[in-house]
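Okay, here's what each chain looks like letter by letter:
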Amino acid sequence: MIRELAKYSFTVILLLMLQLLVFSKLNLGYMFKPFPYIWFIFLLPFSTNRYTMLVLGFLTGFALDFFSNTYGLHAAATTLLAFGRVIVDRRLNIETAQREGYERPGRGMLGLGSYLLYLTGMCFVHHTILFYYEAFRFSLLPQVLLTALLSTTGTVASVLLLEAIFVKRSIR
Amino acid sequence: MNVIIRFIQANAFYFFFGLLQLICLIQVVRFNSYQQSFYFNTSRSFAGKIIASRQQVLDYFSLKSMNAQLMQENLQLRKKLNENFMFRDTTHFRNHRDSISATRYTYIKAHVIQSSTNRINNFLTLNAGSDAGVKPGMAVLSPGGIVGVVFDVSPGFSLVLSVLNSKFRVSPMIPDIGFREGFISWDGKDPAYVQLNGVNKFEKLRKGLKVYTSQYSPNFPDGVEIGEIASFSVPGNSSFYEINVRLSTPFTRLGGVYVVKDIYRPQIDSLNKRIENLD
């Protein structure tokens with residue numbers, strides 16, 4: 001339990017530092033802002049309590065907000081992402097997956113196509129809320145959606161890249 | 001009630017999610033200046049529209065009192081119009097002056113910005129000074145009557161020796177009984193009354209006689225109202241009346257006043273100087 005806690009704490013700190021020190025500093029265009037820190041939410045195991053999931057989502061977002069002076073923006077989006085994971089996880093056949101040795105939704109469990117769809121959908125929802133709260137104006141919705149779509153490709157690509165680097169092939 | 005509690009219990013996860021989202025939204029609005037300004041602008045303009053439309057309706061109910069108020073204000077402003085201020089008494093007594101004579105007096109408008117009535121030596125401050133052409137020695141009149149004599153000037157302001165000052169003197173006349181002597185001074189008691197001294201006790205006085213400035217006053221044009229006789233008596237063995245004159249100028253609520261510019265004053269002064277030089 002302690003080992004688990006330490007592992008996830010280390011992961012979230014590493015991801016937040018990566019986000020704050022690298023990805024947030026990359027100026028890749030005003031419509032292209034990848035947020036790979038949200039990978040942390042996908043890393044949480046199936047056994048996580050759903051309330052814990054929400055709180056962790058909220059805290060992750062809050063921490064990022066705290067260091068980037070965007071109070072509430074990332075917290076709202078990441079909480080929604082955690083909520084989405086809880087909802088989507090219910091639809092998945094978790095018992096079978098756990099028996100087969102999968103601890104979280106991944107390429108091996110869902111298949112590459114489904115996993116990409118899953119990641120893209122989640123990221124898109126997260127980014128839409130994030131950019132919408134940032135713009136805070138309904139008239140900017142088309143621009144918000146376009147920014148979310150472009151940034152989603154970047155986020156998904158970086159998440160896949162991180163996965164390829166840090167996760168053992170056997171448990172992907 | 002039970003149903004509501006059970007509903008919340010059954011959907012506690014969703015309520016928790018909603019709560020977290022609400023916290024986030026509050027943070028967004030509370031701590032981010034851009035979103036904050038948008039939120040407050042929107043809510044304020046919304047509230048402002050409601051208040052404005054409410055006022056539009058309410059205005060109709062107060063139309064009558066507003067009309068009365070405006071009429072009152074109009075009346076006040078109309079009273080302040082310059083053409084109302086005809087120096088009635090000056091023109092009234094002009095009949096003994098030649099009609100082809102040149103203008104002797106012009107007037108400088110000023111406003112009393114400071115005044116006192118509760119001391120023995122009272123002064124007034126006017127908002128017109130040497131820049132406006134005010135010089136020491138000029139008489140100051142109000143629409144009601146005499147006010148005082150300019151004592152000192154600065155470029156923007158002037159100090160006026162009030163009638164309510166123990167050093168103030170003016171020569172009076174009572175045209176109804178053909179009286180022109182004595183002098184007006186103030187005993188330092190009641191700011192509503194000045195004293196008329198040096199009137200022989202054989203003069204036939206009565207209450208309500210109007211007292212005006214006479215042409216013997218060095219500063220004042222003749223025929224400006226001072227006030228009317230309020231009471232008179234002969235004390236003991238004296239051969240003179242003690243007369244109280246009710247001032248026509250309301251000293252406690254002075255506003256606009258006129259500084260009298262005597263065009264021939266330099267000539268008179270230079271003549272008077274020759275008298276001094278004779279000695």
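Residues numbered from 1 in each chain as written. Chains lettered and ligands numbered in written order. Predicted model: local features only at pLDDT ≥ 70, side-chain atom pairs only at ≥ 80, totals over all residues. Heavy atoms only, no water.

1. Things to note about the pattern of salt bridges
Now for step 1: In total, this model carries five salt bridges over all chains according to the counting rule given.
Now for step 2: Arg85(A) is the salt-bridge partner of Asp89(A), the closest N and O atoms lying 3.0 Å from each other. Here Asp89(A) and its partner Arg85(A) are both found in helix H4 (residues 73–91), four residues apart, which amounts to about one turn of the helix. Summarising the burial analysis for this pair, Asp89(A) and Arg85(A) share the class buried.
Now for step 3: The shortest N-O distance in the salt bridge between Lys210(B) and Glu225(B) comes to 3.3 Å. Placement of Lys210(B) in strand S9 (residues 210–213) and of Glu225(B) in strand S10 (residues 225–233) is noted, with a sequence separation of 15 residues between them.
Now for step 4: What you see here is one network of salt bridges that share partners, running through Lys210(B), Glu225(B), Glu228(B) and Arg246(B). (Salt bridge = Lys/Arg side-chain N within 4 Å of Asp/Glu carboxyl O. Helix = DSSP H or I, 4+ residues; strand = E, 2+ residues; numbered from the N terminus. Buried < 20%, exposed > 50% of the residue type's maximum accessible area, 1.4 Å probe, protein only.)

2. A closer look at helix H8 (residues 141–166) of chain A
Residue and element names in this part refer to chain A.
Now for step 1: With 26 residues, H8 ought to run about 38 Å at 1.5 Å a step, and its terminal C-alpha atoms sit 36 Å apart, in line with that.
Now for step 2: Val-144, Thr-147, Ala-148, Ser-151, Thr-152, Gly-154, Thr-155, Val-156, Ser-158, Val-159, Leu-162 and Glu-163 are the residues of H8 that are buried.
Now for step 3: Residues of H8 that are buried in the fold lie against helix H1 (2–23), helix H2 (39–43) and helix H7 (112–135). (Expected span 1.5 Å × (residues − 1). Contact = heavy atoms within 4.5 Å.)

3. So, the pairing of strand S12 (residues 256–262) of chain B
All names here are of chain B.
Now for step 1: With five of its seven residues buried, S12 lies for the most part within the structure.
Now for step 2: Summarising the sheet, strand S1 (residues 105–115) and S12 pair through seven bridges and their orientation is antiparallel. Note that in S12 the partner of Ala-110 across the bridge is Val-257.
Now for step 3: The pairing of strand S3 (residues 139–141) with S12 spans three bridges and is antiparallel. Across the sheet, residue Ala-139 finds its bridge partner in S12, namely Val-260. (Pairing = 2+ DSSP bridges.)

4. Here we look at the confidence of the model for chain B
Residues and elements named next belong to chain B.
Now for step 1: Predicted confidence across chain B gives a mean pLDDT of 79, with 78% of residues reaching 70 or more.
Now for step 2: Across chain B, strand S11 (residues 242–247) holds the top mean pLDDT of 92, while helix H5 (residues 88–92) sits lowest at 54.
Now for step 3: Note that residues 93–98 has pLDDT below 50 and, in this model, five contacts with residues that lie over four places away or in other chains.
Now for step 4: Model confidence for the complex is summarised by a pTM of 0.49, with the ipTM given as 0.84. (pLDDT = per-residue confidence, 0-100.)

5. Topic: the interface of chain A and chain B
Now for step 1: Taken together, the contacts link 24 residues of chain A with 18 residues of chain B.
Now for step 2: Summed over both sides, the interface between chain A and chain B buries roughly 2000 Å², with carbon and sulfur atoms accounting for 72% of that surface.
Now for step 3: Our enumeration of links across chain A and chain B arrives at zero salt bridges.
Now for step 4: For the pair chain A and chain B, the number of links is five residue pairs in polar contact (both at pLDDT 80 or more).
Now for step 5: Every element with two or more residues in the side of chain A that touches chain B is listed here: helix H3 (50–68), H4 and H7 of chain A.
Now for step 6: No other element matches H4(A), which puts nine residues into the side of chain A that touches chain B. (Buried area = accessible area lost by both parts, 1.4 Å probe. Polar contact = N/O pair within 3.5 Å; in protein donor to acceptor, adjacent residues only side chain to side chain.)

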